[in-house]
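# Residue-level structural notes
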Amino acid sequence: MLKPNLLAALNQQINEEYYSSYIYQAMVAYFEDNHLDGCAHWMRLQAAEEHEHALKIFDYVISRGGRVVLAAVQAPPKDWPSPQAAFEAALAHEKLMTANITKLADLAQSEKDHATNNLMQWYVTEQVEEEANVDDIVNKLKMVGGDGAGLFLMDRELKSRTVAAPGGAA
Ligand code: OFO
């Protein structure tokens, strides 16, 4: 049985993961509106992955006999000043998620809940990859700067992102 403080923290993290999916879906709409279908495609897969992250904790809580309680998901922003700014916002968001996951892992360890800690270690690893992927895109967009041809090529590259194998990151 999950301790009440861990159950509350896991329910909170389910909400955070849904918000992650929601903010990336808002970025899909922003990129589509700007005719950047490669960026939109990349973000669509990212939003789907975050939805899976929410479900993974959702199912875990149930498997431990806990009660999942869904809360309202905050509305995401609608616009960003540029594609680079959108990916920078994604990177800042992933860093925030890493901080949340780290706190949850710390809590699981201090409560000696090895199963929850184990699950959180999966997320810790996942966050390393997610931050690195977004950081790479931000750096490339910085190189491109305001060059339209460069952005066109970058957009084409992002269109080649494929769906990750189950349990892994794309
Ligand atoms: Fe990328 O945030 Fe989920 O864990």
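Residues numbered from 1 in each chain as written. Predicted model: local features only at pLDDT ≥ 70, side-chain atom pairs only at ≥ 80, totals over all residues. Heavy atoms only, no water.

As a further point, take the overall build of the protein. Helices and strands together make up the secondary structure of the protein, namely 5 helices and 0 strands. Reading the protein from its N terminus to its C terminus gives the helix and strand order α-α-α-α-α. In summary, the protein has a C-alpha radius of gyration of 17 Å against a globular reference of 15 Å for 170 residues, a match within 12%. Over its C-alpha atoms, taken along the principal directions, the protein stretches across nearly 55 × 25 × 25 Å. Put simply, 81% of the contacts in the protein that link residues at least 6 apart link residues at least 24 apart. When the accessible surface of the protein is split by element, carbon and sulfur atoms take 58% of a total near 8,800 Å². (Helix = DSSP H or I, 4+ residues; strand = E, 2+ residues; numbered from the N terminus. Rg over C-alpha atoms; globule rule 2.2 N^0.38 Å. Contact = heavy atoms within 4.5 Å. Areas by Shrake-Rupley, 256 points an atom, 1.4 Å probe, with all protein chains shown as cover.)

Within the secondary structure layout, Ala29 lies in helix α1 (residues 4-33). Measuring from C-alpha to C-alpha, the distance between Ala29 and Ala40 comes to 7.3 Å, with 11 residues separating the pair along the chain.

On to the nonpolar core, then. By size, the foremost hydrophobic cluster in this structure holds 25 residues, and its most contacted members are Met27, Phe31, Met43 and Phe87. No other element matches α1, which puts 8 residues into this core. Discounting chain neighbours no more than four positions away, the residues touching Met27 are Met43, Trp80, Ala86, Ala89 and Ala90. By size, the runner-up hydrophobic cluster in this structure holds 17 residues, among which are Leu6, Val68, Ala108 and Leu119. (Core = buried A, V, L, I, M, F, W, Y, C linked by side-chain atoms within 4.5 Å. Buried < 20%, exposed > 50% of the residue type's maximum accessible area, 1.4 Å probe, protein only.)

Right, let's get into the packing of aromatic side chains. All chains considered together, the criterion is met by 5 aromatic pairs. Arranged with centres 5.2 Å apart and planes meeting at 55°, the rings of Tyr30 and Phe31 form a pair that is tilted. For Tyr30, a relative accessible area of 6% gives the class buried. Residues Tyr30 and Trp80 carry aromatic rings whose centres are separated by 5.6 Å and whose planes lie at 70° to one another, so their mutual orientation is edge-to-face. With Tyr30 in helix α1 and Trp80 in the loop between α2 (37-63) and α3 (83-110), this pair connects stretches of sequence that are 50 residues apart. (Phe/Tyr/Trp six-rings, centres within 6.5 Å; stacked < 30°, edge-to-face > 60°.)

Turning our attention to the environment of Pro77. Looking at the secondary structure, you find Pro77 in the loop between α2 and α3. Taking C-alpha positions, Pro77 is 9.8 Å from Tyr30, a pair spaced 47 residues apart along the chain. In contact with Pro77, other than residues within four places in its own chain, are Tyr19, Ile23 and Ala26.

Residue position: Leu45 is located in helix α2. Sequence separation between Leu45 and Ser21 is 24 residues, and the spatial gap between their C-alpha atoms is 9.6 Å. Ignoring any residue separated from it by four or fewer positions in sequence, one finds Leu45 in contact with Arg161, Thr162 and Val163.

Turning our eyes to something else, we now look at the pattern of salt bridges. Enumeration over the complete set of coordinates arrives at 8 salt bridges. Between Arg44 and Glu32 there is a salt bridge; the shortest N-O distance is 2.8 Å. Within this pair, whereas Arg44 is found in helix α2, its partner Glu32 is found in helix α1, the two being separated by 12 residues in sequence. Judged by its relative accessible area of 35%, Glu32 falls in the partly exposed class. Residue Asp79 is joined to Lys78 by a salt bridge in which the shortest nitrogen-to-oxygen separation is 3.3 Å. With relative accessibility at 47%, the residue Asp79 sits in the partly exposed group. A relative accessible area of 66% places Lys78 in the exposed class. (Salt bridge = Lys/Arg side-chain N within 4 Å of Asp/Glu carboxyl O.)

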